Each structure stands twice: as structure tokens, then as C-alpha cells.
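# Chains, contacts and geometry: an overview
What follows is each chain in one-letter form.
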Amino acid sequence: MQALRESVSNPEVPALVPARMLNEHAYCPRLAYLEWVQGDFTDNADTVEGRFHHRNVDAETGALPAPDEMAGARFHARSVMLSAPIIGLVARIDLIEADGDVVTPVDYKRGKAPDIPEGAWEPERVQLCAQALILEENGYHVDRGVLYFVASRQRVDIAIDDVLRARTRELLAGLRASAACATPPPPLVDSPKCPRCSLVGICLPDEVNLLRAPDSTAAVRRLVPARDDALPLYVHSAGARIGKRGDELVVELRDGTRQNARIGNTSHVALFGHVQISTQALQELCARGITVSYLSSGGWLYGITRGMDHKHIELRRLQFAAAADPACCLALARRFTTVKIRNCRTLVRRNADAPPAHAIDRMKELVDAAESATTLESLLGIEGTAARIYFDAFATMLHPPDESLAFEFDGRNRRPPRDPVNALLSFGYAMLTKDVAATLIAVGFDPYLGFYHQPRYGRPALALDLMEEFRPLIVDSIVLGAINTGAIKPGDFVCRGGGVALTASGRSAFLRAYERRMDELVAHPVFGYRISYRRVLEVQVRLTLTCGTATSSPTTSPTTVAGPPSTSACAALATTCSTPSSAATCPTAGESSWSQRCTS
């Protein structure tokens, strides 16, 4: 991986460093890198509260006289943007107070003033000092600054002395050096700062540290919510229109009925078939980083819209360099394939009345063969054989609650699917492809360049790579559960010219089952904590990013084929997640604890 990192040039550091990034760098160098260099950001309660408390000082009021016009002046200027090209800093200063020839920068903080001798923590003092340096370069005289803590309504004077100036310049040099690297600094180790950080779900500090040091005995804290509070919005009624009114999306159906969905509670929007969305709604969704997916009525993914919220070009350069390395592609493909076959085998063992012994034994042999495959072509053959054996046994797992609901299945077929079971599988795989592709785009990957699935026009190859191991865990389990509980019935399908597709009511029923499965909590096989399958996908993608730039290969779960140690440039990219102890069982007929929105 070191050779791969050296094969791409370091990013050019901007001439002006935001003073706020000095605060972040002093708090955690990795946080500053993720936010400033990679462009990653997400809100939590603290950041939202901070913006609320800044609402008054964010309004530009008052004038800032030139330094030679300061004699005897007294004024307040709010939200003043200044830069210092010589030292290389830029800042929007909350408030500038002047009394005579001296100006004082005032920085607002949402919390309470800490009870420490310095009056404030180092990151806040350094940010204030950076503002003082900017003012001085512009010709103003500064000898102190003020931190105003909103929660305690307290002003704390900070002396801008030589020690603080030297420390600020030292951190500025360190931030520039960090930003010039192609990879982010390592995470903090077991730090109490991590739980309150808004980027903890992107950084994944404990997870990354464990993968960098597989022999570590430190516990992995679950620092991200098990589930996402936001819900997806599916709109698949032909002729529906989506608009924006205030902070809500308004879905108007062809018959004139309307349904509303709060934008803040929406994780992504999926549009099927002939559904329109207004420019105002699309702009708001892009501004908030909410993905909009466009699919055919049958689930074929046409495209994805997302705002310009990620600028991590170095990740894509690493991805392209890794994809050009045959040894790297083979190492990753072996891991994807072996885990997929293991999960398929587990699903058959747990859900078939009488698991076919020949199928179980043969798939075990194919796992061993995949481990030692020497070419992508041979691996494709192994995977194809395993898929044929698996789908030959798939019918033994179908147990509808009523004989009148019998579903015939005689192997996998598609384009178009010729029976209801294959229609469900194809639609489910399309939904999973959509979710993985959207996650890849959000993180900064190019979803069209894979390592196992080779590039082909219009095919999201990397999404297909990463979803391989999750096909049996998510989609196949949903199909089995939907049929075996009677949630999906033969009447939910329509046959046209030999092809079978879901009706509108059938799509609604399947989407509800799909979202229940994605929301289901499962124990992560490597880290031990319980998170939803949707979170598992996000963690998987982000650790592929993180471990792809690590110096050591990540560990794998006990049931995942790790293979021999590899010196390949990107062997560390494969962080597989194999079948948890209860993941392969079919979902029950019980309702989920949350209500899923599905506009039919």
C-alpha cells in the first residue's frame, strides 16, 4: 500500500487555511483532514446547537474602519471575513470590538467555560490567536481576545502572548504538512473526544485502530447509532410529482391526493418509473446531501443525483491505481467470492428442511477452491458453479404457509425474470445495488470501477463487488421470508410476454420487507456491536476506504477466508463481513418497530 500511496502525487494545499481548521487540528488532526481535505462533514446535536447560537453573530453588521482611521474609535463589527496571505490564514470573525487603537476579536462558543487555569481549551485559544494574527497582518493592533461561552454567558479574556503565537504557528505548519499527505492521520486511541465528535461515524476510530493492530485486545466502542433515524422515501406510482413546501417534500399522486415527508427525516429518495421531481426539491436534497435514485418500474437503476459534497480525489486515484493492479484485483475478488459462497451455504443449511448433502459438501469444496484461485477467470467459473448449486437448492427453502400460495422455482433466470421468485430476486438485487452505489458515491468512490467485476458500460462494478457477500444475507433472506410468511402472494405479480414483474401493491409489500431487513440489528462479526444492515453497508464501505490507505491488512472474522498474508498494494482493501450468528435466518412475520414510508 505504501507503493500505491507514493504512486499518486500529494494534493496541493490551499494558500489560505481557515482558522476554524486550526481548532479542529488541535482537537484531532484526523478530524481536520477529513473535514478540510476530504470534504466530509455531518451534523450532530452539538453542531446544530452551535449554528443556532451563532445565528446573531453570523449576520454581517457594523463597519470595520481601516487601521489608520482607528484613532479614538469605538465600534462593534459582526461576521467580518479577513485573510492574511503572508501567514496563510483566513477567518470569519464572529465579532470585532474596538476601543481606541486596539481591536479585540470575540469568538462565540456554544458550551460552558471550562474551569481550568488557561480559561479555555487549547483548540479554542489557538483559533482565537489565529484571528488575532490575521488582524495584525491587516494592520490592526491586538493584545488579547475574548471567548464568549453561550451556555454559561461568560466572557473569558485570552492573552495573545508569544507562547500562544508560537503554538498557533506550530499547529498551522502541522496542519499544512498533514493536508499535503495523500492519506489522513491515524485515529486517536481510546480517546474521550471521539463520542462527541460529529464525524465519528466517518472516522470509525476504534474500528480502524483494531484493523491496523489485529492483535489488540482493546474493546471496540459502538460510537455510531445502531440505526439511522432518517427513513427512505419510495415513490413508484406512475404520474406522481414531488415538490417542496417549507421543510417538507410534498408527493402528489395522479388522483390529486397528497402525502408529506419531512426532508430532515429522509435518508434518500427513490423514484420508480414515470415520477417527476421539481427543481426546488432537487436543489434542497442536493444541498443536504440526500441521494435521489432514478429506477425503472422494474427496479433497473438509471442514475443517481447527489450534491457536490465530497472532494476526496485522492481516494479515486488510489481506487484507479488499485484496479490497474491484477494481483490486487485477484486478492479482493477471492475474498468477495469466498464470503459469498460461505453465506450461501449457511443460508441453505439453516433454512432447508433437509439440506442437500451434496450441495453443502460441494459448496465447501468451492470455498477452498476460491481461496486458491490464481486468475479472475477461474474465480468466475468457481462462483458460477457455486451459484448454480445454490439456486438448485433454493427451492428446498420455500415453504409458503398455504398450499394455494405455491411458488415454482427451477433455477435462476433474468432479463426478464420468467417466474415470481426470480422477479423478487432481481428486484431485490436492484434495490441492494442502488443502496451500495449511493453509499459509495457518498464516501467518494467511483461505483463504476470495480476489482472483481470488470468495467462495462453502464454497470456499477464496484457496487456489485461489495454487495456480493450481502446478496444471501439481505435479498435472498427477504425473498424467503416474504414467501414463507405469505407477505407476497402469487396475485402480486403480472406476466407479460413470458416475463414476470411485480404489481404496484407487490412492490410496496416487497419494499416494506426490504426496509425491515435493512433496519434489522445484527452483531458485527469483527467488532461485536449490534448495528442495522444499512449501517453495516456504510461501515463496510468506509472501512474499505480507510483500510485501503492503511499500512497493514485488516483482520477478518473467524468465518471469513483471510487467505495468506499478501504484499499486494491493496490487499488491505478487503474488509469482509461474513455471516453473523443469526443473520442468515429468514425474517419473521412480525412487524418492525418503526413505520416505513412507501408511496404507492
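Conventions and cut-offs
Residues numbered from 1 in each chain as written. Predicted model: local features only at pLDDT ≥ 70, side-chain atom pairs only at ≥ 80, totals over all residues. Heavy atoms only, no water. Helix = DSSP H or I, 4+ residues; strand = E, 2+ residues; numbered from the N terminus. Buried < 20%, exposed > 50% of the residue type's maximum accessible area, 1.4 Å probe, protein only. Contact = heavy atoms within 4.5 Å. Areas by Shrake-Rupley, 256 points an atom, 1.4 Å probe, with all protein chains shown as cover. Core = buried A, V, L, I, M, F, W, Y, C linked by side-chain atoms within 4.5 Å. Pairing = 2+ DSSP bridges. Salt bridge = Lys/Arg side-chain N within 4 Å of Asp/Glu carboxyl O. Phe/Tyr/Trp six-rings, centres within 6.5 Å; stacked < 30°, edge-to-face > 60°. Lys NZ or Arg CZ within 6 Å of the ring centre and 35° of its normal. Axes fitted to C-alpha atoms, helices over the stretch in contact; angles between N-to-C directions. Parallel < 35°, antiparallel > 145°, perpendicular 65-115°, else oblique. Nonpolar A, V, L, I, M, F, W, Y, C, P; charged D, E, K, R; others polar. pLDDT = per-residue confidence, 0-100.

So, on to the overall build of the protein chain. A tally of helices and strands in the protein chain yields 18 helices and 19 strands. When the 600 residues of the protein chain are sorted by exposure, 55% land in the buried category. For the protein chain, long-range pairs separated by at least 24 residues make up 66% of all intrachain contacts whose partners lie at least 6 apart in sequence. Per element, the accessible surface of the protein chain, about 26000 Å² overall, is 52% carbon and sulfur.

Our next topic: the nonpolar core. Within soluble globular proteins, side chains that are nonpolar generally end up buried alongside one another. Core analysis: the biggest nonpolar cluster contains 99 residues, and Phe 394 and Ile 474 have the highest contact counts within it. The dominant element in this core, judged by the number of residues it contributes, is helix H14 (residues 420-443), at 13 residues. Leave out the neighbours within four places in its chain, and Ile 474 touches Leu 432, Tyr 514, Arg 517, Met 518 and Tyr 533. The next biggest cluster of nonpolar side chains, apart from the first, holds 45 residues, and it includes Leu 22, Ile 87, Leu 89 and Leu 133.

Our next topic: the pairing of strand S15 (residues 493-496). Where S15 and strand S16 (residues 499-502) come together, four bridges link them in antiparallel fashion. Opposite Cys 495, over in S16, you have Val 500 as the bridge partner. Between S15 and S16, which pair antiparallel and follow one another directly, the connecting turn spans two residues, one of which, Gly 497, has a positive phi of 60 degrees.

Turning our attention to unusual backbone geometry. The residue after Arg 415, namely Pro 416, is reached through a cis peptide bond having omega -5 degrees. Topologically, Pro 416 is positioned in the loop between helix H13 (376-392) and H14. Unusually for a residue other than glycine, Asp 190 sits at a positive phi of about 50 degrees. A residue is classified by how much of its surface remains accessible, and Asp 190, at 58% relative accessible area, is exposed. One non-glycine residue, Arg 415, adopts positive backbone phi at about 55 degrees. Under the relative-accessibility criterion, Arg 415 is labelled exposed at 62%.

On to the pattern of salt bridges. In this structure the tally under the stated criterion is 30 salt bridges. Notably, a salt bridge pairs Glu 49 with Arg 110, separated by 3.4 Å at the nearest N-O pair. In this pair, Glu 49 is assigned in helix H4 (residues 45-53) and Arg 110 in the loop between strand S4 (102-109) and helix H5 (122-137), connecting sequence segments 61 residues apart. A salt bridge links Arg 144 to Asp 157; the nearest nitrogen and oxygen atoms lie 3.0 Å apart. One end of the pair, Arg 144, is in strand S5 (residues 144-149); the other, Asp 157, is in strand S6 (residues 154-159), with 13 residues separating them in the sequence. Shared partners join several salt bridges into a network, and the residues in it are Asp 46, Glu 49, Arg 110 and Arg 196.

Each pair of aromatic rings is reported with the distance of its centres and the angle of its planes. Throughout the structure, instances matching the rule amount to eight aromatic pairs. With centroids separated by 5.9 Å and ring planes inclined at 80 degrees, the aromatic side chains of Tyr 390 and Phe 394 adopt a geometry described as edge-to-face. Classification of Tyr 390 as buried rests on a relative accessible area of 2%. Accessibility expressed as a relative area gives 0% for Phe 394, which makes it buried. Seen from their ring centres, Phe 391 and Phe 394 are 5.9 Å apart, and the 45 degrees between their planes marks the pair as tilted. Every member of this aromatic cluster is reached through a ring pair, and the members are Tyr 234, Phe 272, Phe 427 and Phe 510. Just above the ring of Tyr 429 sits the side chain of Arg 471; from NZ or CZ to the centre is 4.6 Å.

Two elements in contact, H5 and helix H6 (residues 162-179), have axes separated by 9 Å at closest approach and are oriented at 95 degrees. Between H5 and H6, the interaxial angle falls into the category roughly perpendicular. Residue-level contacts link Glu 122, Arg 125, Val 126, Cys 129, Ala 130, Leu 133 and Glu 136 of H5 to Leu 164, Arg 165, Arg 167, Thr 168, Arg 169 and Leu 171 of H6. Each residue belonging to the contact of H5 with H6 can be placed in one class, and the counts come to six nonpolar, one polar and six charged.

Another point: the side chain of His 25. As for its position among the elements, His 25 is in helix H2 (residues 19-27). Those residues in contact with His 25 that lie beyond four places of it in its chain are Ala 32, Leu 171, Gly 174, Leu 175 and Ser 178.

Moving on, we get to the sheet that holds strand S9 (residues 248-252). Spatial strand order, S10-S9-S8-S12: four strands in an open sheet with mixed pairing. Only two strands of the sheet have a single neighbouring strand rather than two, namely strand S10 (258-262) and strand S12 (276-277). In terms of strand pairing, strand S8 (residues 241-245) meets S12 through two bridges, oriented parallel. Each residue of the ladder has a partner; that of Arg 241, found in S12, is Gln 276. Taken strand by strand, helix H9 (residues 279-287) contacts S8, S9 and S12, and its axis lies near 70 degrees from that of S8.

What follows deals with the pairing of S9. In this sheet, S9 lies alongside S8 in antiparallel orientation, the contact comprising five bridges. Counterpart to Arg 245 in the pairing with S9 is Glu 248. Here S8 hands over to S9 after two residues, with Gly 246 in that stretch at a positive phi of 65 degrees. Here S9 hands over to S10 after five residues, with Gly 256 in that stretch at a positive phi of 95 degrees.

On to the side chain of Thr 104. As for its placement among the helices and strands, Thr 104 is situated in strand S4. Once residues within four sequence positions are removed from consideration, Thr 104 is found in contact with Leu 95, Ile 96, Glu 97, Arg 144, Gly 145 and Val 146.

This paragraph deals with the confidence of the model for the protein chain. Per-residue confidence for the protein chain averages 80 on the pLDDT scale, and 87% of its residues sit at or above 70. Contacts of residues 1-9 to residues separated by more than four positions or lying in other chains number 22 contacts, the stretch itself having pLDDT below 50. Within the model, pLDDT remains below 50 along residues 547-600, and this stretch shows 163 contacts once partners closer than five positions in the same chain are excluded.

Here we come to helix H3 (residues 29-37). In terms of burial, H3 is a largely internal element, eight of the nine residues being buried. Among all positions of H3, only Arg 30, Leu 31, Ala 32, Tyr 33, Leu 34, Glu 35, Trp 36 and Val 37 are buried. One or two positions beyond H3, positive phi appears at Gly 39, with a value near 80 degrees.

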